[in-house]
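Now for the letters of each chain:
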Amino acid sequence: MTSSRDKKTGHSVKATSQLCTVTRYEFLKLLRSRRLLGVILGSIVLVAVAYVLPTTYGGPYAGHRETRLFLEPYSHELYPGYSCIAYITTEGLDPSSIVVHANGSLLSPSDYFLMNDSSGVILFKPNLLLSDVVADYDFSTTPEQFAITLLEFMQVFIAFVAVFLGSDAIIREFSEHTGFITFTNPVRREIIMLGKFVSSLLVGTLALFVYYVALASLSYVALGAVAEYLPLSLWYAILFYFLCLAFAFLVSSASRGIAPSVVVTFLILLLILPAVQMAGEEGAKDMWFLPSFAAGVIKYSLQFEHYPQDVTQGGQPLFYPDLALSAVVLTAYGMIFLLVCGYMFSRREMTV
Amino acid sequence: MAAIQTWSLCKSYGGRFKALDGLSITVESGMSVGYLGPNGAGKTTTIRILTGLIKPSSGQAMIEEWDVAKNSSRALSIIGFVPEVPEFYGVLSPVETLSFLGGLRGMDRGDLSERIPEVLGIVGLEDKADVLVAGFSKGMKQRLALACALLHRPSILILDEPTSGLDPRGRVEIREILKSLMGSDTTIFMSSHLLTEIQEVCSHVAVIDHGRLLAFDSMSRIAVDARSEGIQIALWKPVDELSIRSLSDIDGVRRVTKLGDKEILILIEGDSAQTEERVIRHLLDRGLGVKSYAQNNASLESLYMRLVGDGEE
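Residues numbered from 1 in each chain as written. Chains lettered and ligands numbered in written order. Predicted model: local features only at pLDDT ≥ 70, side-chain atom pairs only at ≥ 80, totals over all residues. Heavy atoms only, no water.

J.: I'd like a rundown of the sheet that holds strand E8 (residues 187-192) of chain B, residues and numbers included.
T.: Within a sheet, each strand pairs with its neighbour through backbone hydrogen bonds, oriented either parallel or antiparallel. Residues and elements named next belong to chain B. Sheet architecture is open: six strands sit in the order E6-E7-E8-E3-E9-E10, paired in mixed fashion. Either end of the sheet is taken by a strand with one partner, and the two such strands are strand E6 (79-82) and strand E10 (212-218). In this sheet, neighbouring strand axes are inclined to one another by 15 degrees on average, regardless of whether the strands run parallel or antiparallel. Alignment of E6 against strand E7 (residues 156-160), held across four bridges, turns out to be parallel. (Pairing = 2+ DSSP bridges. Helix = DSSP H or I, 4+ residues; strand = E, 2+ residues; numbered from the N terminus. Axes fitted to C-alpha atoms, helices over the stretch in contact; angles between N-to-C directions.)

J.: So, the interface of chain A and chain B: which residues are in play, and what are the values?
T.: Contact with chain A, which involves 31 residues of that partner, is made by 30 residues of chain B. Together chain A and chain B conceal approximately 2700 Å² of surface at their shared face, both sides included; 63% is due to carbon and sulfur atoms. Between chain A and chain B we count two salt bridges in total. Where B:Glu96 meets A:Arg32, a salt bridge forms, and the shortest distance between an N and an O atom there is 2.6 Å. Taken together, the connections running from chain A to chain B amount to 12 residue pairs in polar contact (both at pLDDT 80 or more). (Contact = heavy atoms within 4.5 Å. Buried area = accessible area lost by both parts, 1.4 Å probe. Salt bridge = Lys/Arg side-chain N within 4 Å of Asp/Glu carboxyl O. Polar contact = N/O pair within 3.5 Å; in protein donor to acceptor, adjacent residues only side chain to side chain.)

J.: So what's going on with the packing of helix H3 (residues 143-150) of chain A against helix H7 (residues 189-223) of chain A? Which residues, and what values?
T.: All names here are of chain A. At a minimum axis separation of 10 Å, H3 and H7 run at an interaxial angle of 135 degrees. Viewed along their axes, H3 and H7 adopt a mutual orientation that is oblique. The chirality of how H3 crosses H7 is right-handed. Across the interface between the two elements, Pro143, Phe146, Ala147 and Leu150 of H3 pack against Tyr211, Leu215, Leu218, Ser219, Ala222 and Leu223 of H7. Tallied by class, the residues present in the contact of H3 with H7 amount to nine nonpolar, one polar and no charged. (Parallel < 35°, antiparallel > 145°, perpendicular 65-115°, else oblique. Left-handed = near helix turned anticlockwise from the far one by under 90°. Nonpolar A, V, L, I, M, F, W, Y, C, P; charged D, E, K, R; others polar.)

So this is what it looks like as structure tokens:
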């Protein structure tokens, strides 16, 4: 009994040490092959593009703006005495900075009323329907909105990183014959797979971390503030990356060649899953079980305190992924993919 | 205890092509066995089963007391393996490759720092120790594979055509390294289709064709076989194992090999005329009939050719 326990303990220690060895050298391979550098550069370029694009197309994150208002007639018992209404649609509007001119003359603040501090809805007492009304105001995007804008392509980026780091991880051992040297050592294939997975997970996580740090830095520079729940969003991004990487490994373990593995992983993660999600949304279905839908929490988690709730707009239900459920969905898929990958890899014969 | 043992080992691909057909062989510790056969004979399949790279369709392969299919980790911890076409991670150097493999085998840093220069010295790669493998020639990779196989001081060394594709100089160098291992306690099991290589390096030779073992003996006994008179006999009726055994018991018959259902090869020593007469009579008595009868003297090469027929596929 004692000896069997000793044997068991000895074996488990050895497996841990083998896992560390595989992880260390896989990390070194990713470093030397410049894949680590590639994903980090990719994340920096993407965050820079996501930051620059809105401003390039005339949408700065903060500043002063002059907007010509389009007035409509207004009459409601809640606000008697007001004759017309206008909307300022700029996000992050600073209500205290609004100054209104009608036909070039400054309008007295007593002539208009800002209905809601954050909505930019203005009610006017005098009838200005035929006047040229211009509003001057300061605006500043909220850190949350800023982060959401810069995370617009995050799902695609994560899928790219997973394809880049994972889709050839297993198949390469067979197609390039390196398995003849590696697999003939007293190490279980599952340990080799896990070591490769951990190193790819670390490299991808590092790239995501760089992305979020860059995002936070830009947010601080542009707005002087950073979204409070950015770490939560990063955590969900890592979970989604975990799932995508596990899927890439699974395809890699079942594939006959590197190119088919890359193509299949790419197609499923970037085309088929989003297409299924769109079809489900068209059919007014809650797609909580779909990885790409669950990954929506990467953006929505930034609004943790005012998390969007499922609503019906124009008779069409609009669903938002639940934070806890999405974490379970992303983790569960990742674990299942990894288990199946380990099983397939351990049974695959080196017949090339 | 046998170093390598297989029982009725079979391997089919796609349920049709039989790469191994009931192969049984026992290699005792300390032997250096040349595993000889034409292309497609089943040499590589045997070696891949022994190294846990593929699983047998039926039968059993053992490395010492461990069944390779059931206890591959235990079995693989005993062997060192040199594949036919060794490939490495191009972004690692030989030292890193050896450290990686040593780490997988649980060797500690102290042991590795001592052993790595030693094995790189054995294979003559000391001056390339820190160069990335990506730029290595086939010969250098073959040497590095040998270094990897020797790293953990294995008691069994399995080599799959270790000199295939090498230039003459590379072949000689690899052979010299292997010869230097002879006489140590290491068991060598080396596949090849080069007779001269086997003769030079090995103490024993096993001949395989169509997944079946045709002969397995010491090099000296095989050499006697080679010098023996050989008679190839075609029969009218299929020959069974009992008839083979009874033929083997005839005085002067050294070995009887079944070449096909109705074809046998008999090696004769001593007074060949009398022995041949006894063999013919025996076959007629058993009702097998003699369709044709051919006789020739054999060299090791022609013995091999007789055993494998014109088996090159």
